[in-house]
Amino acid sequence: MSGVSEDFVRIFDTTLRDGEQSPGCSMTTPQKLTIARALSELGVDVIEAGFAAASPDDFAAVQAIAREARGPRVAALARCQRNDIERAAAALEPAEKGRIHVFIATSDIHLAHKLRMSRAEALDAAAAGVELARQYCDDVEFSAEDASRSDPAYLADVFSAAIEAGARTLNVPDTVGYAVPEEYGALFKYLSEHVRGIEKAILSCHCHDDLGMAVANSLAAVQNGARQVECTINGIGERAGNAALEEIVMALRTRAPFYGVGTRVNTKRLYPTSRQLVAVTGSAVARNKAIIGENAFAHESGIHQHGMLRNRETYEIMSPDDVGVSRSQLVLGKHSGRAALSDRLRELGFALDESALNQAFAHFKSLADKKKEVFDADLEAIALGQTGNEQG
Ligand code: KIV
Ligand code: ZN
């Protein structure tokens, strides 16, 4: 196992950086702040707020989140280049706890065709990048992009140099979602045994879902010593997405005796956070999506319903309550009152103040007059109108 003082899995949420890079998921700064607030309530350990050097908007979003977030550490991504690192440091300046996350590719295919660098040059650039980042921030993470397709011995040398330069988190991305669980887990075991100074650092996994194995790969990494998992709400991210945060958290919790290590996430906030992301991005989740899909706790077949009525554990391995899915089937319509609306909005992750609630209630009533039933998506749009107004 890598060097960890307390044994728990740190949840590094990259919804606002890697997730936001996916088509249809880009967010404005006020929208990113809404999600950052939800992530703080969820209790993630690190919020990756963006890539500060990418654009003035990205810089502003990282800075705004750094200014506001209290609890989670706020990370900003940077290539191993002076300008990127200085922009990340400047954006993180107001953070209570900041992290500069530097990366460079280590696979031969990326070195030859993207970076046009030799292995030795990339190793030197990695060490120099970490060293420069450490001049601005005492918490530096280093990622070896395309690690899972890199030569493990070379990867161990790059990580050893990163630790020597001051990195304290080493991230092993499966950038193109190529790995399979046995192989990815074995890579973590190999790195635990071959990286010099590994007792000073935490190993981190970061998986993409091109072969549908991002969550399985992340769990294999945890079994082999990873104590940070990088993931996104609803699994949004480049191409097929990143490992889904809610699935990892609930797998570690539901199968606690098997994994023997958990997270600090408040699981009751999983569903509300998921819904807020859907409301902000408009990017829907599949009905049958694990944990937070509409059907995740629905039972239709007669045999299943019969079993459930006798004992829920016959067909339910998790309680919907544990992930913040309310059991109540209360239908909101024109006869519903302000309290019912406020309750439902809270379940959906929106805590509105008195005046925002009054306005939301007025919108709700006029909509309820036109529709038989007001759905969660309608309520989310109404609530978002109010929080959007608050943020100006
Ligand atoms: O997938 C990847 O390699 C990344 C790194 C920048 C961490 O997102
Ligand atoms: Zn990624």
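Sequence order as written defines residue numbering, which begins from 1 separately in each chain. Each chain is given a letter, starting from A, and each ligand a number, starting from 1, according to the order in which they appear as written. Thresholds applied to this predicted model are a pLDDT of at least 70 for local features of residues and 80 or more for the giving and counting of side-chain atom pairs; totals over whole chains, interfaces and linings are not thresholded and use all residues.

In the annotation of an unreviewed UniProt entry, the entry for the protein reads 2-isopropylmalate synthase, and the organism field reads Pseudomarimonas salicorniae. UniProt positions are given in the numbering used here, feature names are shortened, and annotations may be inferred rather than shown by experiment. Listed under Catalytic activity (unreviewed entry) in UniProt, the entry text for the protein is "3-methyl-2-oxobutanoate + acetyl-CoA + H2O = (2S)-2-isopropylmalate + CoA + H(+)". The UniProt entry for the protein carries the following comment under Sequence similarities (unreviewed entry): "Belongs to the alpha-IPM synthase/homocitrate synthase family. LeuA type 1 subfamily."

S.K.: What's the story with helix α10 (residues 245-254) in this structure? I'm lost.
M.R.: Since the α-helix advances by 3.6 residues per turn, residues separated by three or four positions end up pointing in the same direction. Counting buried residues in α10 gives eight out of ten residues, a clear majority hidden from the surface. Remark: C-beta atoms are placed from the backbone, and a residue is labelled buried if 20 or more other C-beta atoms sit within 10 Å of its own, exposed if 12 or fewer do, or partly exposed between those counts. Where helices and strands are cited, they refer to DSSP runs of H or I of at least four residues and of E of at least two residues respectively, numbered from the N terminus. Among all positions of α10, only Leu 245, Glu 246, Glu 247, Ile 248, Val 249, Met 250, Ala 251 and Leu 252 are buried. Once C-beta atoms have been placed from the backbone, residue pairs whose C-beta atoms lie within 7 Å are recorded as contacts. Buried positions along α10 lie against β1 (10-13), α9 (214-223), β8 (228-231), α11 (256-259) and α12 (270-281).

S.K.: Explanation requested: the UniProt feature "binding site: Mn(2+)" (unreviewed entry) in the protein in the structure shown.
M.R.: Mapped onto this structure's residue numbering, the UniProt feature "binding site: Mn(2+)" (unreviewed entry) falls at Asp 18, His 206, His 208 and Asn 242. Sequence-wise these annotated residues cover 225 residues; spatially they are packed, their C-alpha atoms never more than 10.3 Å apart. With respect to the element layout, His 206 can be found in strand β7 (residues 202-207). Filtering out sequence-adjacent residues up to four positions away, His 206 remains in contact with Ser 143, Asn 171, Val 172, Pro 173, Asp 174 and Glu 230. Along the chain, the position of Asn 242 falls in the loop between β8 and α10. Residue classification places Asn 242 among the buried residues on the basis of 32 C-beta atoms within 10 Å. The contacts of Asn 242, once residues within four sequence positions are left out, are Thr 14, Asp 18, Gly 19, Cys 207, His 208, Asp 209, Ala 214, Cys 231, Thr 232, Gly 235 and Gly 237.

S.K.: In this structure, what is going on with the UniProt feature "domain: Pyruvate carboxyltransferase" (unreviewed entry) in the protein? I would like to understand it.
M.R.: Residues given the UniProt feature "domain: Pyruvate carboxyltransferase" (unreviewed entry) here are residues 9-271. Its end C-alpha atoms 20 Å apart, residues 9-271 is made of 47% helix and 17% strand.

S.K.: Help me out: how do you make sense of the site of ligand 1 in this one?
M.R.: The C-beta atom of each residue is placed using the backbone, and any residue whose C-beta lies within 6 Å of a molecule or strand is treated as near it. The full set of residues close to ligand 1 is Asp 18, Phe 103, Ser 143, Glu 145, Asn 171, Pro 173, Thr 175, His 206 and His 208. Ten residues, namely Ala, Val, Leu, Ile, Met, Phe, Trp, Tyr, Cys and Pro, are considered nonpolar, four, namely Asp, Glu, Lys and Arg, are considered charged, and the remaining ones, Gly among them, are considered polar. Considered class by class, the residues forming the shell around ligand 1 number two nonpolar, five polar and two charged.

S.K.: How should the environment of Val 176 be read in this particular structure?
M.R.: Following the sequence through the fold, Val 176 ends up in the loop between β6 (169-174) and α8 (181-194). As a C-alpha pair, Val 176 and Asp 209 span 33 residues in sequence and 8.0 Å in three-dimensional space. Excluding residues within four positions of it along the chain, Val 176 makes contact with Asp 146, His 208 and Asp 210.

S.K.: Even after reading the chapter, I still don't get the sheet that holds strand β2 (residues 46-50), so can you show me in this structure?
M.R.: Through backbone hydrogen bonds, the strands of a sheet pair up, either in parallel or in antiparallel fashion. Strand order in the closed barrel made by the eight strands is β1-β2-β3-β4-β5-β6-β7-β8, with parallel pairing throughout. The mean angle between the axes of side-by-side strands here comes to 25°, regardless of whether they run parallel or antiparallel. One requirement defines pairing of two strands: DSSP has to find at least two bridges between them. Strand direction decides the pairing type here: β1 and β8, joined by four bridges, are parallel. Residue pairing for β8: Phe 12 is matched across the bridge by Glu 230. Helix-sheet contacts for helix α3 (residues 56-68) involve β2, β3 (73-79) and β4 (98-105), and the interaxial angle to β2 is about 150°. Axis lines are fitted to C-alpha atoms, over the contacting stretch for helices. Their N-to-C directions set the angle, which ranges from 0 to 180 degrees.

S.K.: Where do I start with the pairing of β2 in this structure?
M.R.: Successive side chains on a regular strand alternate, one facing one side of the sheet and the next facing the other. Burial analysis of β2 places five of its five residues in the buried class, the great majority of the element. Strand direction decides the pairing type here: β1 and β2, joined by two bridges, are parallel. Residue Asp 13 lies in a different strand from β2, and its bridge partner there is Ile 47. Where β2 lies against β3, four bridges are found, and the strand directions are parallel. Paired with Ile 47 across the strands is Val 74, a residue of β3.

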